[in-house]
Number of protein chains: 2
Amino acid sequence: MSRNIALRLSYDGSRYHGWQEQPRDVTVAGTLTAAISRVCGDVTHVTGCGRTDAGVHALRYCANFRTASTIPAERIPLAVNTLLPPDIAVSHAIDAQEDFNAILSCVKKEYTYKIVNSRLRDPFLHNRAYFYARPLDLGAMSRAAGFFVGTHDFAAVRSVGTETKTTVRTVHWCEVVRDGAEVTIRVCADGFLYNMVRAIVGTLLYVSEGKIAVEDIPRLLESGDRRLAGPTVPPSGLYLSRIWYDGDVGEMMSE
Amino acid sequence: MSRNIALRLSYDGSRYHGWQEQPRDVTVAGTLTAAISRVCGDVTHVTGCGRTDAGVHALRYCANFRTASTIPAERIPLAVNTLLPPDIAVSHAIDAQEDFNAILSCVKKEYTYKIVNSRLRDPFLHNRAYFYARPLDLGAMSRAAGFFVGTHDFAAVRSVGTETKTTVRTVHWCEVVRDGAEVTIRVCADGFLYNMVRAIVGTLLYVSEGKIAVEDIPRLLESGDRRLAGPTVPPSGLYLSRIWYDGDVGEMMSE
């Protein structure tokens, strides 16, 4: 009988060519699959909850795989971690329901984008934040962020590249918070288009710079025209921060 | 006329073979000197406030150098940073007094050692903390730490390797603080022997493990016998965190 194991993990994406397995480049999925197959014997594919890009990080990531191995689920994290490089860590593993799928069962996800708003570099945040020197207009950014909340066509804030049936998504929250020099933007949605968070953040920076007016955001979304939005900010500041599922996996991911 | 410039900088030491310039290995001093000499033209030596080991970090580090360059001091940080790799950052520069010397003028220094007390690895703290899985007895560690405070011969908690006239130092504070899974040990002294903080931390871990009794610490120090103390813990958890000087440089370093 085949088991369906769900994992919770985190990773520093700096060294990786993203999540998705690729023939030549080192990816998180490729690295994880190799470690799991040594522990469980028969695993050739791991399904991830999303295709994070090169340089993007995950504070909480969910993946699942099928195996006939009899290893108790609670032993999997330590066993796999000893085979993984230190920038990937599996923290939990459970036997999930037969039909659980890390990407298809996902209810919603939250991404966090970290900006260090300072002229000074911080050697400890290199590759882990976006350094932005000019003063930020948090008020304007927050008001603009509010316009992204709700069910909209987000074609104006995505990069073409991944096929998708529809560019309509529901954003549950989009908020901008300052803590000293650190400005954090959190976006939660039922699903994300390619580069959607990075284009939203680039648009909020354009609002701060006065290049886009706050009240023009609804029209920008309606236009579906990527050229009217702000730039795609670098991947280094982006973290998959939360992910929601029903049932046992949901509990594991929210602990 | 020769100017004496004092710099404040920080660095992630993971990639470096320590501060001190070496013929073959990449060091912080070597990397910094190369950048400064391109900005100021005539700099061949930079004096640092201490010889941090390979893998040790600095949140606040002070260095000084002589130059005939007429560049305004306030322009030096940005000019040098554009030539430095992102894991070293110069934040301040001032014209110091003629007799200022980053190591000889130092009044006292504080090192911080960061332990992550968890069975779980954190991909974002790799190379930046020491992962220690067993439960820690913070009470015993704190009481033991108290015995290091004061003027003592610290020969029992140093590695032989650097010549020094005396192994007597004055420790101003030595404290252990827990914040969730993060346990921080701060040691402030008028000067440090080679590996002194790492041997003190190793000794505190031995106290937590019951291998050394709290009340045996004074005898351990009196013995001067390195074999009676705990092990030298890894460099990854060690940060030069504060440094004190009199006058203008002192103000720059405490901002």
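Owing to the predicted nature of the structure, the values given are computational and were not obtained by experimental measurement.

### Section: the interface of chain A and chain B
By a widely used convention, the size of an interface equals the accessible area lost when the partners come together.
Right, so step 1: Facing the 24 residues of chain A at the interface are 24 residues of chain B.
Right, so step 2: Interface area for chain A against chain B, summed over the two sides, is near 2,000 Å², with a carbon-plus-sulfur share of 61%.
Right, so step 3: Counting across the interface, chain A meets chain B through 0 salt bridges.
Right, so step 4: Scanning the region where chain A abuts chain B turns up 7 residue pairs in polar contact (both at pLDDT 80 or more).
Right, so step 5: Those elements that provide at least two residues to the side of chain A that touches chain B are β1 (3–11), β3 (57–67), α2 (76–81) and β4 (88–95) of chain A.
Right, so step 6: For the side of chain A that touches chain B, the leading source of residues is β4(A), giving 4 residues.
Right, so step 7: Considering only residue class, the side of chain A that touches chain B consists of 14 nonpolar, 5 polar and 5 charged.

### Considering the pairing of strand β5 (residues 108–116) of chain A
Residues and elements named next belong to chain A.
Right, so step 1: Most of β5 sits out of view: 8 of its 9 residues are buried.
Right, so step 2: Bridge count between β5 and strand β10 (residues 238–244): 6 bridges; the pairing is antiparallel. Looking at β10, one finds that E110 is bridged to R242.
Right, so step 3: With 8 bridges connecting them, β5 and strand β9 (residues 182–189) associate as antiparallel partners. Across the sheet, the residue bridging to Y111 is V187, located in β9.
Right, so step 4: Bridge analysis of β5 against strand β6 (residues 130–131) gives 2 bridges, and the strand direction is parallel.

### A word on the side chain of R3(B)
All names here are of chain B.
Right, so step 1: Here R3 is to be found in strand β1 (residues 3–11).
Right, so step 2: Accessibility expressed as a relative area gives 13% for R3, which makes it buried.
Right, so step 3: In this structure the side chain of R3 is engaged in a polar contact, spanning 2.6 Å, whose partner is the backbone oxygen of S69.
Right, so step 4: In this structure the side chain of R3 is engaged in a polar contact, spanning 2.8 Å, whose partner is the backbone oxygen of I71.
Right, so step 5: Apart from residues no more than four positions distant in its own chain, R3 is found in contact with F65, R66, T67, S69, T70, I71, P72, A73 and D95.

### With respect to the pattern of salt bridges
Side chains that differ in sign of charge can pair as their charged atoms come close.
Right, so step 1: Counted according to the given criterion, the structure contains 20 salt bridges over all chains.
Right, so step 2: The residue D87(B) makes a salt bridge to R15(B) at a minimum N-O spacing of 2.6 Å. You can see D87(B) sitting in the loop between α2 (76–81) and β4 (88–95) and its partner R15(B) sitting in the loop between β1 and α1 (28–40), a full 72 residues away along the chain.
Right, so step 3: When the shortest N-O distance is used, the salt bridge between D216(B) and R219(B) registers 2.9 Å.
Right, so step 4: For R219(B), a relative accessible area of 55% gives the class exposed.
Right, so step 5: Overlapping salt bridges bring together R134(A), E209(A) and K211(A) as one network.

### Notes on the packing of helix α3 (residues 138–146) of chain A against helix α4 (residues 196–208) of chain A
Think of two packed helices as two axes; the pair is described by the angle between the axes and how far apart they sit.
Residues and elements named next belong to chain A.
Right, so step 1: Where α3 contacts α4, the axes come no closer than 8 Å and their chain directions differ by 135°. It follows that α3 is oblique to α4 by the angle criterion. In the crossing of α3 with α4, the sense of the turn from one axis to the other is right-handed. The segment α3 lies against α4, with A140, M141, A144 and A145 engaging L204, L205, V207 and S208.

### Notes on the packing of aromatic side chains
Residues and elements named next belong to chain A.
Right, so step 1: What the rule picks out here adds up to 18 aromatic pairs over all chains.
Right, so step 2: Both rings, one in F100 and one in Y245, keep their centres 5.0 Å apart while their planes meet at 70°; by these two values the pair is edge-to-face. Of this pair, F100 sits in the loop between β4 and β5 while Y245 is found in the loop between β10 and α6 (247–254), placing the two residues 145 residues apart along the sequence.
Right, so step 3: Taking the relative accessible area as the measure of exposure, Y245 reaches 8% and is therefore buried.
Right, so step 4: Members of the aromatic cluster, connected to one another through ring pairs, are Y11, W19 and Y61.
Right, so step 5: When the ring centre of W244 is taken as origin, the NZ or CZ atom of K108, which lies over that ring, is 4.9 Å away.

### Notes on the domain arrangement of chain A
Residues and elements named next belong to chain A.
Right, so step 1: Partitioning chain A into domains gives domain 1 (3–105) and domain 2 (108–241).
Right, so step 2: Between domain 1 and domain 2, the C-alpha centre-to-centre distance is 28 Å.
Right, so step 3: Across the contact, 14 residues belong to domain 1 and 13 residues belong to domain 2.
Right, so step 4: Across the interface of domain 1 and domain 2, roughly 1,100 Å² is buried in total on both sides, 53% from carbon and sulfur atoms.

### So, the side chain of T47(A)
Right, so step 1: Looking at the secondary structure, you find T47(A) in strand β2 (residues 47–48).
Right, so step 2: Sequence-distant contacts of T47(A), that is, excluding residues within four places in its chain, are made with W19(A), C62(A), A63(A), N64(A), N101(A), A102(A) and I103(A).

### A closer look at the relation of the copies chain A and chain B
Right, so step 1: Its rotation angle being 180°, the transformation that places chain A on chain B also includes 0.0 Å of axial translation and leaves an RMSD of 0.0 Å. Taken together, the rotation and translation relating the two chain copies correspond to the operation of a two-fold axis. Taking C-alpha positions as reference, the residue of chain A nearest the rotation axis is F124(A), located at 5.1 Å.
Right, so step 2: A share of 100% of interface residues in chain A that are also interface residues in chain B marks the association as one of identical surfaces.

### Remarks on the environment of G237(B)
Residues and elements named next belong to chain B.
Right, so step 1: Mapped onto the secondary structure, G237 falls in the loop between α5 (217–223) and β10 (238–244).
Right, so step 2: In the structure, G237 is positioned 103 residues away from R134 in sequence and 17 Å away in space, judged by C-alpha atoms.
Right, so step 3: Once you skip the residues sitting within four places of it in the chain, G237 turns out to touch T112, Y113, K114, R128, A129 and Y130.

Basis of the calculations
- All residue numbers here refer to positions counted from 1 along the written sequence of the relevant chain.
- Labels are handed out in written order, letters beginning with A for the chains and numbers beginning with 1 for the ligands.
- Local features in a predicted model are, by the rule used here, given only for residues with pLDDT of at least 70; side-chain atom pairs are given and counted only at 80 or more, and totals for whole chains, interfaces and linings are based on all residues.
- To get the side-chain values, all heavy atoms of the structure are used, and hydrogens and water are removed first.
- By definition, residues are in contact when any of their heavy atoms lie within 4.5 Å.
- Buried area is understood as the total, over both parts, of accessible area removed when two parts are fitted together, assessed with a 1.4 Å probe.
- Each salt bridge in this description consists of a side-chain nitrogen of Lys or Arg and a carboxyl oxygen of Asp or Glu lying within 4 Å of one another.
- Contacts described as polar in this section are N or O atom pairs within 3.5 Å, which, within protein, must combine one atom able to donate a hydrogen with one able to accept it, while residues neighboring in sequence count only if both atoms come from side chains.
- The helix and strand labels rest on DSSP assignments: H or I over at least four residues marks a helix, E over at least two residues marks a strand, and numbering proceeds from the N terminus.
- When residue character is reported, Ala, Val, Leu, Ile, Met, Phe, Trp, Tyr, Cys and Pro are called nonpolar, Asp, Glu, Lys and Arg charged, and the others, Gly included, polar.
- Relative accessible area decides the class of each residue, using a 1.4 Å probe on protein chains only: under 20% of the type maximum gives buried, over 50% gives exposed, and in between gives partly exposed.
- What makes two strands pair is DSSP finding at least two bridges between them.
- Structural elements are reduced to axes, namely lines fitted to C-alpha atoms, with helices fitted over the stretch in contact, and the angle between N-to-C directions of any two is expressed from 0 to 180 degrees.
- Oblique is the label for every angle not falling under 35 degrees (roughly parallel), over 145 degrees (roughly antiparallel), or within 65 to 115 degrees (roughly perpendicular).
- Crossing chirality is assigned from the near helix's rotation relative to the far helix, an anticlockwise turn below a right angle marking it left-handed and a clockwise turn marking it right-handed.
- Each Phe, Tyr or Trp ring (for Trp, its six-membered ring) is paired with any other whose centre lies within 6.5 Å, and the angle between the two planes then decides the class: stacked below 30 degrees, edge-to-face above 60, tilted in between.
- Comment: the charge-over-ring label is applied if NZ (Lys) or CZ (Arg) is within 6 Å of the ring centre and within 35 degrees of the ring normal.
- Where each domain starts and ends follows an automatic or database-derived domain assignment.
- The copies were overlaid with a least-squares fit restricted to C-alpha atoms from residues scoring a pLDDT of at least 70 in each copy.

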